[in-house]
Each structure stands twice: as C-alpha cells, then as structure tokens.
Amino acid sequence: MSEVPPLPRRKDSLPAPKVPPIPPVPNRKNYLTSRPCVWPVTQPTTSAVTISSGCTASSSSSSSSSNNNNISSSICISINNSTTSTTTTTTTSTSTLATTSCSSSASAATKMSTNPQTSVSSSSSASIDSKSSSEASEIVFEASNHCQEGFKALLDFYNRKILCDLEIRVGKKSIWCHRVVLACVSNYFKGMFTSDMAESKQGVLTIHDLDEHCLQALITFAYTSKVTLTVDNVQQLLYASSILQMEAVAQACCKFMQNHLHPTNCVGVRNFAEQHGCTELVKVTDEYILEHFLEVVDQEEFCNMPYKVIDIIVSSPNLNVPSEIRVYEGVMKWVKQDLMKRRCYLPKLLAHVKLPLIPVSYLMDCVETEDLLKKSFECRDFLDEAKHYQMSHTNLIIEVKITERMKPRKSYAGVLFCVGGRGAAGDPFKSIECYNYRKNSWFPIAEMNTRRRHVGVCAASGRLYAIGGHDGFTHLNSGEVFDPVKNKWSYIAPMGSLRRGIALACLGGPIYAIGGLDDTSCFNTVERYDPSTDVWTFLSSMKVPRGGVGVTSQKGYLYAVGGNDGSTSLDSCERYNPLTNKWTTIAYMNKRRAGAGVTVLNGMVYAVGGFDDNAPLHSMERYDPASDSWTLMPSMSCCRGGVGVATLGGKIFAVGGHDGSSYLNSVEAFDPSTGKWMMMSNIEVCRAGAGVAVLDCSVEQLEDIRKTVNTSSAGSVIQRQHGE
C-alpha cells in the first residue's frame, strides 16, 4: 500500500510520468451558499441539475445497497462518440476526456454461408453491413447497445466489488473500483496507471486533500455518467474534477455556477474561478458584473474585489451604467474601504473614469472638493482635463486634446435611429430601426404616421424629428416628432415649402431645415422651427441651391456640404452664422457629393459617401474649421450613395445606402483612434435615403416599451379571436 502523491491542478496535456503533489485545499468560502435563500427571478429555481449520458449504464436496484453508491440524486452527463451533451440548463460541450472506449462500438466479423435464408439473431438490436447483396459471403455484425450493456455490467461489478483491482482511501472512506474505468474518464488516473510509477502496480492508493464525498461522486460518475450538483457541493466538485482532469464534470460545474450568479456572489465566484483556471467562468462572471454593476457596487463583496478585477471592470466600454457618476462613486468606495493599501491605486483607476463626461455641477460640487484628489497630482490633472473639455463646449477654450476619457460608454452614448427611406420595391418606408450599441443589434420601434424617403432627421431636446421627404405620391412639408418615453410619433406644424432631400440640424434649441428639391428644381431655402412655439420661420437662403445636401452643426455654426444644384453634384460648401443670419462660402471638398452623410466628430466635419452625379462613392473626407481645409480619410468598404451617417460613442456610423446596383442593409463604423472602418450588425431592411440621427435616451427603456406594446397587441389579438 502506498499513498498517492498530491496532485497538481488539471492541465491541457497529460501529466508527466512523475505526478506532482496535490496542493493543500485552502479554507474557501462557499460563494453560492452565501447568497440569500431566494434566488433571483431570472435564475434557475432548482439547486440540483441532471445531465444525461447515452452510452453508460443506469444504476441497478442492487446499487442502492452498495457501500460505494452514495449519490442520492443524479446529474447525468452523456458521452457519445467522444461528445458530452448536457440535457439541463447547461449547454452542449465537447468532452476532451479519454472515453473513446465508451463511444466505440464492438464489432465482430462472422463468416456466413451464401444461403439467402441465413440470418443473424440477437436479444439486442443490431445492424448488419453486407457487401453488395443478400448473397454476400461476409457480413459485419454490430450490437448497437454493446457499450451500454458493457458499462451496466461494470457498474454491477463496482457495486458488488467484483473484479475490482484498486482500493482508494480518502478521508474515512474506502472505495473499491477498476483502474481501467478511472483511466477512461480521468486523464490524471490514465497518466498514473499507464506510467512506470509504483502506484500503477499497487492495489491501495491514499488520496489527501480531496473531499471524500466529492471523490466518491466522481468515481461513481465514471461508471454511471451521473453526478449531482448543488449549491453546497459544486465548488468542491469543480476543484476535484479540475485536479483529476475530468473535463466534462468541470464544465458542468462551471455552467451550474454561471446559472446561479447573483450580485451577492458574483465577485466571490469570479475569484474562485480564477484560482482554478476556469477561464470561461471568469469571462462569464466578468460579463455579469459589467451588466449588473449598479447592483454589484452596493454589495459588501464589491469592496473585496481585487484591484486587477475592478481595473478590468471600470476600464470596459461595455460597463452598464446610466452615467459616469456611478463609476466614479464606485471607485471612491472601493479605495476608501482600505485607504492605506489602496490609495496608490486611485490614479490608475481614475484614469479609466470619464470625468469629462460628468455633469459640470457634480464635477465642481463633489469631485473637485474630494480631498484624495486634491492630494494627488495625477488626479488633479484628470480633473483639469475634465474642466477644459467642458469649457471647450462653451467656446471658452478653442481646442482640447481628445482622449479615451472623452468617449462615452456604450450604455449612455445614446441610441442610433434609422428612419424611413426606400428599398428595391420603390415605395417609401415609415418603419424605424434602433441600434443597441452594447449588444450590436437593431430592433424596430413605433412607425411614423407617414411614409417618407429622402427625409430630414435630427434629434433635439430629447426628441427625434422627421420632416419633409416624399411619400411615394407627392412631396411633403409635414413633420412629426417621436417621444421615446411614450414610443409615439406626433405631427408638428408643416414647413412653408414641399421638398425632399432636405437636411436637418439642431443649433441650440431651434431646428433648421435646409435645401432640398422637388420634381422641377433644387432649393436654397432655409427654414427654422421653434419647438416651444411650434412655428416655422424663413431665414436667409444659401448662396447655392442644394438638393440632397448634407448638414451638421459645430460650435455655433451650421455647415451645408455638397448637394446637387439641378444640373450637377457639388463640391462647394457653406457655413451659416445664426447671429448675423448670413451664409459664407468655405473650402471646397476634394470630391463632388450629393446624398452624402455629414456628421461631426472631435471638432471636425466629416462628409461620407454620396453620389458624384450618378456614381456612388466610398470615399470620406474631413473638414478642419481652424485651417478651412478638407482632407481625404480612409474609404468605406463599399460605395454608399444616399447613406445615413451619425456619430455614436466616438465612432462614425454609415448605415445602408445604394452601391450603384442594389440597396444596402450593411452598416460600418469608423474609429478615428485606429483609422479603420469595421463592419457592424446589419439593419433588417435594405434602404437608402433614410434619415439617421442619435438621440440621447435609454435603449433599455425603448426595448421595454416595445415589448410591453407587443404583449398588449398580442393580448388584443387573442381577445378579438375569442370574440371578447
């Protein structure tokens, strides 16, 4: 008899001929049992799961009387053709265990006579491979349940201690089993029993530092493919299965813990997963913390989060918060929990907090007065950067260096709307699609009251405006406004002129409708709408008629870019000063563009795509107001005439358009930090001539309202079907 040397944690490769020792098990907190008794509504309500396997035996009636079968309820894991499938809340995963003996079917070749009456009979189902006809002289017989019957017999031997060649002693238990079965399921035992180690020939092994009940459960799993997971044993089972390199069980444990994550335990589960090298569980837990940060930050465990973890969380653009205030408060709470040890981390963490995007009132009243920031030169630099950024928005500072801290997180960057337009059928749309930045997905919201192509769209004062366009029959001067709280469109006062191909921009409070065309001419008309009075007013006209013009606002000015004057596409541009009510010609673009998308990013005006007469463009150029010059920038992946363009989260999004042969539903985004375009999730409907704008509202609120409306509509349909 000898003792098994303590084992290392599992590795991807087989253990070396000499097995290193098992590290002592530290006193770990059970993070799942530390949760409240009532699980969250969205989490599974069971505390034990069952995973089923197809090629191993079920426990016979005699197993209940055996000393070796102590598992009361089962979690069943199936291994078929080296594949483990989980038939519970866990997902299917591929087994890396050495279990090919389980999935291999035994075959026997039997010489038979050529007599057509010759047959093969068996009490079990079987299959016969003949060569080409019923008169073949050789067939292959395969018993389909051979593997299952074989393991059923092995389980009976295990329960009755027949032909057992190994006794494992752990804690107060003595477990008799078969080496070959353990070697099939555990790479650790396989390496031990197939090497020249003394343990490969000895009949008694003593294992330290593993829980006896967990080891009993894992050995029983080797025969039955079943193991019970509960909130009480899952951490010990994960530890033991990781040590013994039983990958299927380890994955099932990770899935179980993922399904029972909660704000009260996610930090502890994350720490446990990292200690045991469970990279997938670490990843899922990080995603959970990012999604539920507001709940996690209020828990005691939040302050026990290691610096490495909180650094990952606060630096992520996917952190789900309504504003940067909550991130700042979370960082300060963590640092002050152990100020002597954590003071040194404050500048590093504050570097990830987007102080420039915090409201000025909170910045001056709470951040600037914080003593910890006053005593740190690095922290004071971040505060000064935030002040300069805020002053640049009021033109008190002309230029400020753009940093990552000035790019909003996806959760509060706003919502991108794609409004109206038309597709291959030619009819204008009244449908709307919204973009969820965090999930990179589009979803529909309430449709407009009127179909509109080549519509002008902009956001102002928390609402979205769609004005003018063409409904498929006539040009429009009507307009409507979308309220994201009510998920409803309402009409506003009509413009003074009917036109499509107009552009809208908000400057201060009022909305400006600029340019456009009808079937006979292009316009240089400019109208201003006052939302507070619902009144339109004509202003000074542009110098040049511009149908399909692109317009944006920047630092108190309006910029009208390109368009068509009725005979050709334009490369000329103008700037409007609302204080003088005058238009001024600025530098010409490098390309002629009509139907281009125009937006502002980091103080620069960008013109994207469009048509040069009838030829669609993929190029983009940037205007610098300080130098009054245009510079060509990296081109898009394809040509996009009639493209919708807007800035979201520090990137330029180009939505849909026409490439010269077909309407597009593809979307791509330009990141100025990398100078590259990248493909994003497609819109549902191919469209060009749509209006695109970003509205400062909650995407979750929009999705919740939409689901509520859909549920109510479904209920109304059911009532009508029943005549109620």
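Rules used throughout
Residues numbered from 1 in each chain as written. Predicted model: local features only at pLDDT ≥ 70, side-chain atom pairs only at ≥ 80, totals over all residues. Heavy atoms only, no water. Helix = DSSP H or I, 4+ residues; strand = E, 2+ residues; numbered from the N terminus. Buried < 20%, exposed > 50% of the residue type's maximum accessible area, 1.4 Å probe, protein only. Contact = heavy atoms within 4.5 Å. Areas by Shrake-Rupley, 256 points an atom, 1.4 Å probe, with all protein chains shown as cover. Salt bridge = Lys/Arg side-chain N within 4 Å of Asp/Glu carboxyl O. Axes fitted to C-alpha atoms, helices over the stretch in contact; angles between N-to-C directions. Parallel < 35°, antiparallel > 145°, perpendicular 65-115°, else oblique. Left-handed = near helix turned anticlockwise from the far one by under 90°. Nonpolar A, V, L, I, M, F, W, Y, C, P; charged D, E, K, R; others polar. Expected span 1.5 Å × (residues − 1). Pairing = 2+ DSSP bridges.

- The name given to the chain in an unreviewed UniProt entry is BTB domain-containing protein, with Octopus bimaculoides as the source organism.

**Points about the overall build of the chain**
Argument step 1. Scanning the chain from N- to C-terminus turns up 18 helices and 36 strands.
Argument step 2. Here the chain holds 724 residues, and 52% of them are scored as buried.
Argument step 3. Sequence-distant contacts in the chain: of pairs separated by 6 or more residues, those separated by 24 or more amount to 60%.
Argument step 4. For the chain, the exposed area adds up to about 32400 Å²; of that, 50% sits on carbon and sulfur atoms.

**Regarding the pattern of salt bridges**
Argument step 1. Scanning the model with the defined rule gives 25 salt bridges in all.
Argument step 2. Between Arg160 and Asp156 there is a salt bridge whose closest N-O contact spans 2.8 Å. Highlighted residues: Arg160 and Asp156, both in helix H2 (residues 146-160), separated by 4 residues, approximately one helical turn.
Argument step 3. The exposure class of Arg160 is exposed, given its relative accessible area of 52%.
Argument step 4. Asp612 is paired through a salt bridge with Arg592; the nearest N and O atoms lie 2.8 Å apart.

**Side note on the packing of helix H6 (residues 234-243) against helix H7 (residues 247-259)**
Argument step 1. The geometry of H6 relative to H7 is characterised by a closest axis approach of 8 Å and an angle of 150° between their N-to-C directions. Between H6 and H7, the angle is such that the two are roughly antiparallel. Classified by chirality, the crossing of H7 by H6 is left-handed. Residues Val234, Gln235, Leu237, Leu238, Ser241 and Ser242 of H6 form the contact with H7, whose participating residues are Val249, Ala250, Cys253, Cys254, Phe256 and Met257.
Argument step 2. Among the residues forming the contact of H6 with H7, the class breakdown is 9 nonpolar, 3 polar and no charged.

**Some details on the environment of Glu684**
Argument step 1. Structurally, the position occupied by Glu684 is in the loop between strand E35 (676-680) and strand E36 (691-695).
Argument step 2. Using a relative accessible area of 60% as the deciding quantity, one classes Glu684 as exposed.
Argument step 3. Residues Glu684 and Pro444, 240 residues apart in the sequence, show an inter-C-alpha distance of 8.9 Å.
Argument step 4. Among all residues touching Glu684, those that are not within four sequence positions of it are Glu433 and Asn665.

**Overview of the packing of H2 against helix H5 (residues 212-224)**
Argument step 1. In the contact formed by H2 and H5, the axes pass within 9 Å of each other and the chain directions differ by 145°. Residues Phe151, Leu154, Leu155 and Tyr158 of H2 touch H5, and the partners they reach there are Gln216, Ile219, Thr220, Ala222, Tyr223 and Thr224.
Argument step 2. Residues that form the contact of H2 with H5 fall into these classes: 7 nonpolar, 3 polar and no charged.

**So, helix H12 (residues 324-337)**
Argument step 1. Between its terminal C-alpha atoms H12 stretches 20 Å, which fits the 20 Å expected from 14 residues at 1.5 Å a residue.
Argument step 2. Buried within H12 are the following residues: Glu324, Ile325, Val327, Tyr328, Gly330, Val331, Met332, Trp334 and Val335.
Argument step 3. In this structure, the buried residues of H12 make contact with helix H10 (293-296), helix H11 (307-314), helix H13 (339-342), helix H14 (346-350), helix H15 (360-367) and helix H16 (371-374).

**Some words on the pairing of strand E32 (residues 644-648)**
Consecutive residues of a regular strand have side chains that alternate between opposite faces of the sheet.
Argument step 1. Summarising burial for E32: 4 of the 5 residues are buried, a large majority.
Argument step 2. Connecting the antiparallel pair E32 and strand E33 (residues 651-655) is a turn made up of 2 residues, with Gly649 showing a positive phi of about 60°.

**As for the sheet that holds strand E12 (residues 432-436)**
Argument step 1. Strand order in the open sheet made by the 4 strands is E13-E12-E11-E36, with antiparallel pairing throughout. Two strands in the sheet have a free side with no partner beyond their single neighbour: strand E13 (441-444) and E36. The average undirected angle you get between the axes of adjacent strands in this sheet is 25°.
Argument step 2. Pairing of strand E11 (residues 415-419) with E12, which is carried by 4 bridges, proceeds in the antiparallel orientation. Pairing of Cys418 across the sheet is with Glu433, part of E12.

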